[in-house]
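An overview of the molecular structure
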Amino acid sequence: AAAAEPVDVFLLAGQSNMVGVGHVTDLPPPLAAFQPRIPFFYYGPLGRDPHPPPPPPLLPLTIGSGNHGGAFGPELLFGRALSAAFPQRRFALIKYASGGTDLHRGWHPDAPRNQRGPDFGHKAHMLANFHATVRDGLDALVAAGFEPEVVGMLWLQGERDSNDPARATAYRDNLEALVAHVRDAYGDDLAFLVAGIRELDALDRVVLDAQRAVAAADPRAVFFPADGLSSHDPLHFDANALVGIGRGFAAAWASLFPSTG
């Protein structure tokens, strides 16, 4: 048998902006093209379906991964920019995200951790669903002839927590708990990349300050702001913004390796 090909794996998680509502019709055609060198594993939005779907196939990164037909999230330009910055490396992406989910409960390590089953897709069990997705994604990579190593996680979330003073105030502690939990599961050296939410009011600022503080105190975490980016509505980034966020994630990863560019 041929030797397995090493591949660096990024995990993508969050709420609706990570799911992605960028419309492909708003993209220049070259940006919407297939990226055959980047395997992509994504369950997609599950809603409240009590019966989990079978694992999806491992596919080349492409459009249509958002929660509407022909939509996309930040993974599209993240993959393209990452490959351009590190042409000698092979990358794969595994994504699980769900709109309207909070870090205070749904994504918190102390939330119920049912294995994938009757509660798959329920907003109170995001981490259990996330870990199940990652396991299936890694298994799919191995079956496809890769030797996967999880190297980083992309986090795009916070709007739900900024709706409530208690959730917003607890955001820093909760994010630190999530970072520690993910590293315990996938490696102490895992990089944690955080895109900021839009600042519309004082509670948004509390969440943003928490995101900045967590990254500032962690040499393997990077925060970058999304202020000034365009949107469909007060909460949801549009295609141009998701292009910028995808590139921002890639630049955040590259910033951890200044000697290689």
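The structure contained in this document is the topic of the report that follows.

Basis of the calculations
Residues numbered from 1 in each chain as written. Predicted model: local features only at pLDDT ≥ 70, side-chain atom pairs only at ≥ 80, totals over all residues. Heavy atoms only, no water. Salt bridge = Lys/Arg side-chain N within 4 Å of Asp/Glu carboxyl O. Helix = DSSP H or I, 4+ residues; strand = E, 2+ residues; numbered from the N terminus. Buried < 20%, exposed > 50% of the residue type's maximum accessible area, 1.4 Å probe, protein only. Axes fitted to C-alpha atoms, helices over the stretch in contact; angles between N-to-C directions. Parallel < 35°, antiparallel > 145°, perpendicular 65-115°, else oblique. Left-handed = near helix turned anticlockwise from the far one by under 90°. Contact = heavy atoms within 4.5 Å. Nonpolar A, V, L, I, M, F, W, Y, C, P; charged D, E, K, R; others polar. Pairing = 2+ DSSP bridges. Phe/Tyr/Trp six-rings, centres within 6.5 Å; stacked < 30°, edge-to-face > 60°. Lys NZ or Arg CZ within 6 Å of the ring centre and 35° of its normal.

Let us look at the pattern of salt bridges. As enumerated under the stated definition, the model contains seven salt bridges in all. Between Arg-172 and Glu-176 there is a salt bridge, with its nearest N and O atoms 3.3 Å apart. Taken together, the residues Arg-172 and Glu-176, both in helix α5 (residues 171–186) and four residues apart, mark about one turn of the helix. Residue classification places Arg-172 among the partly exposed residues on the basis of a relative accessible area of 36%. Given the relative accessible area of 34%, Glu-176 is considered partly exposed. A salt bridge links Arg-205 to Glu-199, with the shortest nitrogen-to-oxygen separation between them at 2.5 Å. With a relative accessible area of 40%, Arg-205 lands in the partly exposed category.

At a minimum axis separation of 8 Å, α5 and helix α6 (residues 202–216) run at an interaxial angle of 40°. Classed by the angle they form, the pair α5 and α6 counts as oblique. Note that α5 runs across α6; the crossing there is right-handed. Note on element contacts: α6 touches α5 through Val-207, Ala-210, Gln-211, Ala-213 and Val-214, opposite Tyr-171, Arg-172, Leu-175 and Glu-176. Looking at the contact of α5 with α6, its residues break down into six nonpolar, one polar and two charged.

Let's shift gears to the sheet that holds strand β3 (residues 35–42). In space, the seven strands of this open sheet follow the order β4-β3-β6-β1-β7-β8-β9, with mixed pairing throughout. Strands at the two margins of the open sheet, each flanked by one partner only, are β4 (59–61) and β9 (221–224). When strand polarity is set aside, the average angle formed by the axes of neighbouring strands in this sheet is 30°. Across three bridges, β3 lies against strand β6 (residues 91–97) in parallel orientation. Counted as the bridge partner of Tyr-42 is Lys-95 from β6.

Turning our eyes to something else, we now look at the packing of aromatic side chains. Summed over the entire model, instances satisfying the criterion amount to 13 aromatic pairs. Seen from their ring centres, Trp-155 and Phe-192 are 6.5 Å apart, and the 45° between their planes marks the pair as tilted. Linking Trp-155 in strand β7 (residues 146–156) with Phe-192 in strand β8 (residues 191–195), this pair joins segments that are 37 residues apart in sequence. No difference in accessibility class separates Trp-155 from Phe-192, as the two residues are buried. Feature note: the residues Phe-10, Phe-78, Phe-86, Phe-91, Phe-224, Phe-249, Trp-253 and Phe-257 constitute an aromatic cluster, connected by ring pairs. Sitting above the plane of the Phe-86 ring, Arg-89 keeps its charged end 5.5 Å from the centroid.

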